[in-house]
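Coordinate inspection notes
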Amino acid sequence: MDFIGAYSPVHFKFLLEGFAVTLEVAFISIALSFAIGIIVGVLRYGQIPVVSHILAILVEVIRNLPLLLIIFFTYFALPEIGFKLDKLYAAILALVIFESAMLSEIVRSGLNSIEKGQIEAARSSGLTYLQTLWHIVLPQALRRMVPPIVGQFISLLKDTSLAVVIALPELMNHAQIINGRNVNYVIPIFLLVAIMYFVVNYSLSLLSRKLEYKHR
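1. Here's the deal with the nonpolar core
Leu 15, Leu 111, Leu 168, Ile 189 and Val 193 are the most contacted members of the largest nonpolar core, which has 57 residues in total. Residue assignment for this core shows that the elements contributing at least two residues are α2 (9-45), α3 (51-63), α4 (67-77), α5 (87-112), α7 (129-159), α8 (171-181) and α9 (186-214). With 13 residues, α5 is the largest single contributor of residues to this core.

Structure below.
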């Protein structure tokens, strides 16, 4: 194990460049999947005829597919029907599709956890369905959803490593390139990669606990 050679400035800079791509993919995917997940979750909660059933089928199908398969589909299959995407956008699209389905279930469950009595009281006081949803149900549900949503974001960040299969130049891809140059670098490099993932994910966990405590 050559720690000195593995942790040279050149290698460290190369890993940071890969980690920057990992974070870029993760944060774009988080923002888009969070927005789509809320919309889909609210639409399913609203029990809109036909729309709710179609969304339910799509969500269940996506949730029961491996993320790796979705990544292969966005990068290898879409070009066959005329939609060729760059590696970065293919990875983001796959993550957004998968994570939106997962987050929509969290949102729907959070909305369903609000007591029906509050909804009935709000409606009887003159609020419309949308006003009740926006002012009464959604704010309370979002506070309850903080821990599982942050947990899903942590999973998303770790799932970006699967994009190594399409040679996206993210952290794991760069780690493999370094390891290919010298077998003595494998343990030191993977140890450093593990620390990088841990620091970001643990920071998100601490943020989740802080937000949960703040809204109690």
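2. Observations concerning unusual backbone geometry
A positive phi is found at Val 50, a non-glycine position, where the angle reads about 70°. Of note in this structure, Ala 167 is not a glycine but carries a positive phi near 60°. You can see Ala 167 is positioned in the loop between α7 and α8. Here Ala 167 falls in the partly exposed class, since its relative accessible area comes to 35%.

3. Notes on the packing of helix α6 (residues 116-124) against α7
In the contact formed by α6 and α7, the axes pass within 10 Å of each other and the chain directions differ by 145°. Considering the relative orientation of α6 and α7, their crossing is right-handed. Across the interface between the two elements, Gln 118, Ile 119, Ala 122 and Arg 123 from α6 touch Tyr 129, Thr 132, Ile 136, Val 137 and Gln 140 from α7.

4. Some details on α2
In a regular helix each residue adds 1.5 Å, so 37 residues correspond to 54 Å; α2 covers 52 Å between its end C-alpha atoms and thus fits that length. At the exit of α2 stands Gln 47, carrying a positive phi of roughly 50°.

5. A closer look at the environment of Val 107
Here Val 107 is to be found in helix α5. On the basis of relative accessible area, Val 107 is assigned to the buried category, the value being 2%. As a C-alpha pair, Val 107 and Phe 34 span 73 residues in sequence and 9.6 Å in three-dimensional space. Ignoring anything within four residues of it in the chain, the contact list for Val 107 reads Gly 37, Ile 38, Gly 41, Val 42 and Met 145.

6. A few points about the packing of aromatic side chains
This structure, assessed with the given rule, holds six aromatic pairs. Taken together, a centroid distance of 5.7 Å and an interplanar angle of 75° make the contact between Phe 3 and Tyr 7 edge-to-face. Classification of Tyr 7 by relative accessible area gives partly exposed; the value is 31%. Summarising the aromatic geometry, the rings of Phe 34 and Phe 153 are spaced 6.1 Å apart at their centres and angled 75° between planes, so their arrangement reads as edge-to-face. With a gap of 119 residues between them, Phe 34 in helix α2 and Phe 153 in helix α7 connect regions that are remote in the sequence.

Basis of the calculations
Residues numbered from 1 in each chain as written. Predicted model: local features only at pLDDT ≥ 70, side-chain atom pairs only at ≥ 80, totals over all residues. Heavy atoms only, no water. Core = buried A, V, L, I, M, F, W, Y, C linked by side-chain atoms within 4.5 Å. Buried < 20%, exposed > 50% of the residue type's maximum accessible area, 1.4 Å probe, protein only. Helix = DSSP H or I, 4+ residues; strand = E, 2+ residues; numbered from the N terminus. Axes fitted to C-alpha atoms, helices over the stretch in contact; angles between N-to-C directions. Left-handed = near helix turned anticlockwise from the far one by under 90°. Contact = heavy atoms within 4.5 Å. Expected span 1.5 Å × (residues − 1). Phe/Tyr/Trp six-rings, centres within 6.5 Å; stacked < 30°, edge-to-face > 60°.

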